[in-house]
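Listed below are the residues making up each chain.
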Amino acid sequence: MGFTQRARGVLRRRDSTETAGTRNVVYGPELPDESTVHLVMDLGLRIGEVQMASGAGASDVSATITAVTGAYGIPHCEVDVIYTSITVSCYRGTEFLPITSLRVVRNRSLDYTRLAEVEALVRRITESSISASDAYAELDRITAAQHPFPRWVATLAWAGMAASLSVLLGGGNAPPMLPLVAAGATALVDRVGRLLNQRALPGFFQQTVGGAIATSIALTSVAAGWLPNAALAVAASIIVLLSGMTVVGSMQDAITGYNVTAAGRIAEIALTSAGLIAGVVLALYSTTQILGADSIGGGIAVEDIGSAEVGYSVLYIPVQAIAGASAAACFALAGYSQPRPLIVAGAGGAMTASVYAVATSLAGLNTILASAMATTVVGFLGGIIARRLRIPALVVAVSGVAPLLPGLATYRGLYQLSVQGDPGGLSTLMLAAATGLALGAGVVLGEYLTQPVRTRLGRLERRMARPRMSGPLRPTRRRLD
């Protein structure tokens, strides 16, 4: 009986008296020919892929694609961005099927020159100064171009960053051999990582190998009498390995409502961090079993985490500023940044290190609060300067965060757990994780605060836009014929 009733219901639903002429038809916008629509949508997808590969937030990618498609006469496009793919759907009304395209983001490489050139191309598109076919050809040229510097320049930049970080962590009292050991270990890690990457080894194992190599070199230097303690050298190498992670992008996605993308980024950060932790712990455990804990210099006090001393207190802030500027500039150079963004990134690093030093040494603030305050300042001022100079704000933001990444706290927590057997290492690692979140949140907050400033200081916007670190500030309304 129930089956008969269901069958009759299906027949009644099929026997509809509604005809095509009586339906409420919704007509879509007038669009270019279908081949042009496909070309424009693919252009937007490829531009978004470059941004995602460079660490841009999902909101930036969505706004950029919307701006590109709207500029070429396709106004009603829905953009869906997740961590591994981008989908664009063009609405054509109720009488026609939508046109949908998808692109998978497979490769993630740090090339800020490519990102800057893509942003310049987006500006030309939104200003109606380039046709769709010419823009597609220009994007082909940008994505197919080689890195502007040889690979060995990037290796030297990573080594210089590690040396600068060792000075930043150790102040003026750091041993003379410390920057050399940190630089040498980081350079070796970069070259080995490049070989492993060419063989498609997953990032987890690459981080494990990198952490083990850096820690082993530092411990060997202590055993040889070159360093009194391995903590600062290992911490500098850890910060370099952590710096390539999308901490800023993950916080931006979480704050702006792209929770799926944020979860993907955070999962990747957690996995690669776990690989790094495994490598450091493996090296610590192996060395202590072979040489003993006393032969590798022991640990450092918890209250010394993240602090540095200099011979003269008046030089403390200048030394921190110079070391922070050098670390941030080296990071930008390792990301193949051009000279002007590199200089701005160095200024951002100096600003971050100076504000952090003032907040912790003079104001006595907690390290987490001081980190958030420093990155908020660099996100605010760096965002304004970057937009005025027409360089990607993402370069300044990520480079400015790098000097404050919690490498020393991470090493201390791992030392407590693996060598001392102290459960307090978990709280120290939680401190490191909280510091990383504070860094990302501070940058996003600073970028958010720049929105009304960019649109003219004397006329605040009634509704503030979402944080923008890449692409246009807001989608254009102008179309091209």
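Bear in mind that the values here come from a model prediction, so they are computed numbers and not experimental data.

### Description of the overall build of the protein chain
(1) Moving on: Secondary structure assignment for the protein chain yields 18 helices and 3 strands.
(2) Moving on: Relative to its full complement of 481 residues, the protein chain shows a buried share of 51%.
(3) Moving on: Sequence separation of 24 or more characterises 75% of the internal contacts of the protein chain that already satisfy a separation of 6 or more.
(4) Moving on: A total of about 21900 Å² of accessible surface is found on the protein chain, and carbon and sulfur atoms cover 60% of it.

### Topic: helix α4 (residues 112-126)
(1) Moving on: Between its first and last C-alpha, α4 extends 21 Å over 15 residues, near the 21 Å set by a 1.5 Å rise per residue.
(2) Moving on: Taken together, the buried positions of α4 are occupied by Tyr112, Thr113, Arg114, Leu115, Val118, Glu119, Leu121, Val122, Ile125 and Thr126.
(3) Moving on: The distance from a side-chain oxygen at the start of α4 to the backbone nitrogen of Thr113 is 3.2 Å, and the residue carrying that oxygen is Asp111.
(4) Moving on: Looking one or two residues past α4, Ser128 carries a phi angle of roughly 60°, positive in sign.

### Side note on the confidence of the model for the protein chain
(1) Moving on: When pLDDT is averaged across the protein chain, the result is 79; 81% of the residues are at 70 or more.
(2) Moving on: Per-residue pLDDT, averaged within each element of the protein chain, yields its smallest value for helix α1 (residues 2-14) (48) and its largest for helix α5 (residues 132-144) (91).
(3) Moving on: Predicted confidence for residues 299-312 stays below pLDDT 50, and this span has 34 contacts to residues more than four positions away or in other chains.
(4) Moving on: Here residues 475-481 is a poorly scored stretch, pLDDT under 50, and it has 21 contacts once near neighbours within four places are set aside; other chains count.

### So, the sheet that holds strand β1 (residues 77-81)
(1) Moving on: Taken in spatial order, the 3 strands line up as β1-β2-β3 in an open sheet, and their pairing is antiparallel. At either end of the open sheet lies a strand with only one pairing partner, and these are β1 and β3 (99-104). Sheet twist, expressed as the mean angle between neighbouring strand axes with direction ignored, is 10°.
(2) Moving on: Inspection of the sheet shows β1 paired to strand β2 (residues 85-90) by 5 bridges, in the antiparallel sense. Bridged to Cys77 within β2 is Cys90.

### As for the pairing of β2
(1) Moving on: The buried fraction of β2 amounts to 5 of the 6 residues, a majority that puts the element mostly inside the structure.
(2) Moving on: Taking the residues between adjacent antiparallel strands as the criterion, β1 and β2 are bridged by 3 residues.

### Details of unusual backbone geometry
(1) Moving on: Residue Ser128 is not a glycine yet carries a positive backbone phi of 60°.
(2) Moving on: The residue Ser128 is located in the loop between α4 and α5 in this model.
(3) Moving on: Taking relative accessible area as the criterion, Ser128 reaches 28% and is therefore assigned partly exposed.
(4) Moving on: A positive phi is found at Tyr336, a non-glycine position, where the angle reads about 60°.
(5) Moving on: Counting through the fold element by element, Tyr336 comes out in the loop between α12 (316-334) and α13 (339-362).
(6) Moving on: Tyr336 sits in the buried class, given a relative accessible area of 3%.

### Overview of the pattern of salt bridges
(1) Moving on: Following the criterion strictly, the structure yields 10 salt bridges and no others.
(2) Moving on: A salt bridge links Arg46 to Asp140; the nearest nitrogen and oxygen atoms lie 2.7 Å apart. Here Asp140 lies in helix α5 and Arg46 lies in helix α2 (residues 34-53), a separation of 94 residues in the sequence.
(3) Moving on: Arg46 sits in the buried class, given a relative accessible area of 11%.
(4) Moving on: On the accessibility criterion, Asp140 (34% relative accessible area) is partly exposed.
(5) Moving on: Residues joined in a network through salt bridges with shared partners are Asp42, Glu49 and Arg103.

### Considerations on the packing of helix α7 (residues 177-198) against helix α9 (residues 231-243)
(1) Moving on: The geometry of α7 relative to α9 is characterised by a closest axis approach of 9 Å and an angle of 40° between their N-to-C directions. One finds that α7 runs oblique with respect to α9. Pair α7 / α9 crosses with right-handed handedness. Here Leu178, Val181, Ala182, Ala185, Thr186 and Val189 of α7 come into contact with α9, specifically with Leu232, Ala233, Ala236, Ser237, Val240 and Leu241.
(2) Moving on: By residue class, the composition of the contact of α7 with α9 is 10 nonpolar, 2 polar and no charged.

### Details of helix α10 (residues 247-255)
(1) Moving on: Burial analysis of α10 places 7 of its 9 residues in the buried class, the great majority of the element.
(2) Moving on: One or two steps after α10, the chain reaches Gly257, where phi turns positive at roughly 95°.

### Some thoughts on the side chain of Arg46
(1) Moving on: Only 3.4 Å separates the side chain of Arg46 from the side chain of Tyr136, close enough to count as a polar contact.
(2) Moving on: Engagement of the side chain of Arg46 in a polar contact is seen with the side chain of Asp140, the distance being 2.7 Å.
(3) Moving on: When residues no more than four places from it in sequence are discounted, the contact partners of Arg46 are Arg103, Tyr136, Leu139, Asp140 and Thr143.

### Description of the packing of aromatic side chains
(1) Moving on: With the rule as written, the count across this model stands at 3 aromatic pairs.
(2) Moving on: Ring geometry for Phe149 against Tyr336: centres 6.4 Å apart, planes inclined by 20°, an arrangement best described as stacked. Taken together, the residues Phe149 in the loop between α5 and α6 (151-170) and Tyr336 in the loop between α12 and α13 connect sequence positions 187 residues apart.
(3) Moving on: Judged by relative accessible area, Phe149 falls into the partly exposed class, the value being 24%.
(4) Moving on: The interplanar angle of 90° and the centroid separation of 5.2 Å between the aromatic rings of Phe204 and Phe205 together place this pair among those described as edge-to-face.
(5) Moving on: For Phe205, a relative accessible area of 43% puts it in the partly exposed group.
(6) Moving on: Stacked on the ring of Tyr136, the Lys or Arg Arg46 has its end atom at 5.1 Å from the ring centre.

Definitions and cut-offs
Residues numbered from 1 in each chain as written. Predicted model: local features only at pLDDT ≥ 70, side-chain atom pairs only at ≥ 80, totals over all residues. Heavy atoms only, no water. Helix = DSSP H or I, 4+ residues; strand = E, 2+ residues; numbered from the N terminus. Buried < 20%, exposed > 50% of the residue type's maximum accessible area, 1.4 Å probe, protein only. Contact = heavy atoms within 4.5 Å. Areas by Shrake-Rupley, 256 points an atom, 1.4 Å probe, with all protein chains shown as cover. Expected span 1.5 Å × (residues − 1). Polar contact = N/O pair within 3.5 Å; in protein donor to acceptor, adjacent residues only side chain to side chain. pLDDT = per-residue confidence, 0-100. Pairing = 2+ DSSP bridges. Axes fitted to C-alpha atoms, helices over the stretch in contact; angles between N-to-C directions. Salt bridge = Lys/Arg side-chain N within 4 Å of Asp/Glu carboxyl O. Parallel < 35°, antiparallel > 145°, perpendicular 65-115°, else oblique. Left-handed = near helix turned anticlockwise from the far one by under 90°. Nonpolar A, V, L, I, M, F, W, Y, C, P; charged D, E, K, R; others polar. Phe/Tyr/Trp six-rings, centres within 6.5 Å; stacked < 30°, edge-to-face > 60°. Lys NZ or Arg CZ within 6 Å of the ring centre and 35° of its normal.

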